[in-house]
Amino acid sequence: MTTLRNVSLIGAPTDIGAGARGASMGPEALRVANLGPTLEGHGVSVVDRGNLSGPYNPWQPPVDGYRHLPEVAAWNRAVHDAVYAELKLGRMPILLGGDHCLGLGSISAVARHCKEQGKKLRVLWLDAHADFNTSELTPSGNIHGMPVACLAGFGPKELIEIGGFSKEHPAISPKWVRQIGIRSVDAGEKRFVHEQELEVFDMRYIDEMGMRHTMELALATLDANTHLHVSFDVDFLDPSIAPGVGTTVPGGPTYREAQLCMEMIADTGRLASLDVMELNPALDEKNRTATLAVDLIESLFGKSTLMRK
């Protein structure tokens, strides 16, 4: 088991890439739900680095297919630098979002670290959406729908070059990603996902095969030299249990399915970095979504419902 017991919380309070305001309040909601003390209860040493700062959200329409591109790039550079610094210190960064465009900064830092350390990278993308759009495919221009594509080298120069990567040598290969819980994908995006051979375990698959089988496949071939990064978009969960997100999509995993998902990730002992994204307290009910998110993160760190010896 290699799960790091030294965790750094990094807040990124912005909704710069989203289509609804409010994810900027996500980091504080997770703190109010006692994320730090809860992890400490599992023997984890937690340091809260506070919040990163970046440009204000101007709430403008898209320019050349992208909304707020300069601001998104600035926020992602800040996230990259902060996450990379924690990895260099041998700590586990937990990025508290913020909208999911910030996964670009976080995962580019992890990819850079893995490249330098000679480690393999596996990314679990827990989300209702594939986030594999490009400016040609999405009419909204909201960049929170594009981070996986940008990480794979499909996107504007300002974003794909974060961390020293390029179109020719992108941060990740789509083959390193396993997407789980997907149930809302645009038609053009779907074609692009298939072209790039992204491995997607959508809700139909989970319904048919069960969460256990899904996670066994998603976690297959992890070894001692694999850095496991989990990018957890709270809209992964069914909105009946997690209403506090900007883009609710019915038909997500139940509480039990989500718990099993997290417990199986914990069982690998390979979790080395985490994003918690798209929590929107403005749309929540008495912080219940943040409380649920903390409960699930606790399972990633060893809280088990298992009664077997």
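Structure's up top.
In this text, all values refer to a predicted model and were calculated from it rather than measured experimentally.

This part takes up empty space enclosed by the protein. According to the stated counting rule, one finds 1 cavity of 30 Å³ or more in the structure shown. Here the largest cavity is characterised by a volume of approximately 30 Å³. Lining the largest cavity are L104, S108, C150, L151, L159, I160, I162, F165 and A171. Elements that contribute at least two residues to the lining of the largest cavity include exactly α4 (103-117), α5 (147-151) and α6 (157-160). Class assignment of the residues belonging to the lining of the largest cavity gives a composition of 8 nonpolar, 1 polar and no charged.

The relative placement of two packed helices comes down to the angle between their axes together with the axis-to-axis distance. At a minimum axis distance of 7 Å, the contact between helix α3 (residues 69-88) and α4 shows a crossing angle of 40°. Relative to α4, α3 is oriented so that their crossing is right-handed. On the side of α3, the interface is formed by N76, V79, H80, V83, Y84, L87 and K88, while α4 contributes G103, L104, G105, S106, S108, A109, V110, R112, H113 and E116. A breakdown of the residues in the contact of α3 with α4 according to their chemical character gives 7 nonpolar, 7 polar and 3 charged.

Right, let's get into the pairing of strand β7 (residues 226-233). Counting buried residues along β7, 8 of its 8 residues qualify, which places the element largely inside the surrounding structure. Residues of β7 alternate between two faces, with T226, L228, V230 and F232 on one and H227, H229, S231 and D233 on the opposite face, all of them buried. In this structure, strand β4 (residues 120-126) lies alongside β7, joined through 7 bridges in parallel fashion. In the strand pairing of β7, V123 is matched with H229. Of the pairings in the sheet, the one linking β7 to strand β8 (residues 271-277) comprises 6 bridges and is parallel in character. Directly across from H229, in β8, lies its bridge partner S273. Handedness of the β-α-β unit built from β7, helix α9 (residues 255-268) and β8 comes out right-handed.

We now examine the environment of E161. The topology assignment puts E161 in the loop between α6 and β5 (177-182). The exposure class of E161 is partly exposed, given its relative accessible area of 35%. Counting along the chain gives 11 residues from E161 to I172, while the straight-line C-alpha distance between them is 12 Å.

Below, the discussion takes up helix α8 (residues 203-218). With 16 residues, α8 extends just 14 Å between its outermost C-alpha atoms, more than 12% less than the 22 Å of an ideal straight helix rising 1.5 Å per residue. Maximal helix bending in α8 amounts to about 110°, located at G210. When we look at burial in α8, the residues that qualify are M203, I206, M211, T214, M215 and A218. Here the buried face of α8 lies against β4, β5, β6 (199-202) and α9.

We now examine the pattern of salt bridges. One pass over the full model with this rule turns up 14 salt bridges. Note that R112 is salt-bridged to E116, the shortest N-O span being 3.5 Å. You can see R112 and its partner E116 sitting in helix α4, 4 residues apart, about one turn around the helix. In this structure R112 comes out as partly exposed when scored by relative accessible area, which is 26%. A salt bridge links R178 to E199, with the nearest nitrogen and oxygen atoms 3.5 Å apart. Residue R178 is found in strand β5, and its partner E199 is found in strand β6; the two are separated by 21 residues along the sequence. You can call E199 partly exposed: its relative accessible area is 35%.

With that settled, the discussion passes to the packing of aromatic side chains. Applying the stated criterion to the full structure yields 5 aromatic pairs. Ring geometry for F132 versus F154: centroids 6.5 Å apart, planes at 65°, classification edge-to-face. With F132 in the loop between β4 and α5 and F154 in the loop between α5 and α6, this pair connects stretches of sequence that are 22 residues apart. With relative accessibility at 0%, the residue F132 sits in the buried group. F154 sits in the partly exposed class, given a relative accessible area of 24%. Ring centres of F232 and F236 lie 6.3 Å apart, and the angle between their planes is 85°; on these two criteria the pair is classed as edge-to-face.

A few words now on the sheet that holds β4. Reading across from one edge, β2-β1-β3-β8-β7-β4-β5-β6 is the order of the 8 strands in this open sheet, with parallel pairing throughout. Among the strands making up the open sheet, the edge pair consists of β2 (45-51) and β6. Across this sheet, the average inter-strand angle for adjacent strands is 15°, counted without regard to direction. Along the sheet face, α3 touches β1 (6-12), β2, β3 (92-97), β7 and β8 and points at about 170° away from the line of β1. Lying on the sheet, helix α10 (residues 288-300) is in contact with β7 and β8; it crosses β8 at an angle near 170°.

Parameters at a glance
- Residues numbered from 1 in each chain as written.
- Predicted model: local features only at pLDDT ≥ 70, side-chain atom pairs only at ≥ 80, totals over all residues.
- Heavy atoms only, no water.
- 1 Å grid on protein atoms, 1.4 Å probe; cavity = no way out; pocket = protein on both sides within 12 Å on 5 of 7 lines; lining within 4 Å.
- Points joined across faces, edges and corners; volume = space filled by probe spheres on them.
- Helix = DSSP H or I, 4+ residues; strand = E, 2+ residues; numbered from the N terminus.
- Nonpolar A, V, L, I, M, F, W, Y, C, P; charged D, E, K, R; others polar.
- Axes fitted to C-alpha atoms, helices over the stretch in contact; angles between N-to-C directions.
- Left-handed = near helix turned anticlockwise from the far one by under 90°.
- Contact = heavy atoms within 4.5 Å.
- Buried < 20%, exposed > 50% of the residue type's maximum accessible area, 1.4 Å probe, protein only.
- Pairing = 2+ DSSP bridges.
- Right-handed = clockwise from strand over helix to strand, strands pointing away.
- Expected span 1.5 Å × (residues − 1).
- Bend = angle between axes of the 7 residues up to and from the residue.
- Salt bridge = Lys/Arg side-chain N within 4 Å of Asp/Glu carboxyl O.
- Phe/Tyr/Trp six-rings, centres within 6.5 Å; stacked < 30°, edge-to-face > 60°.

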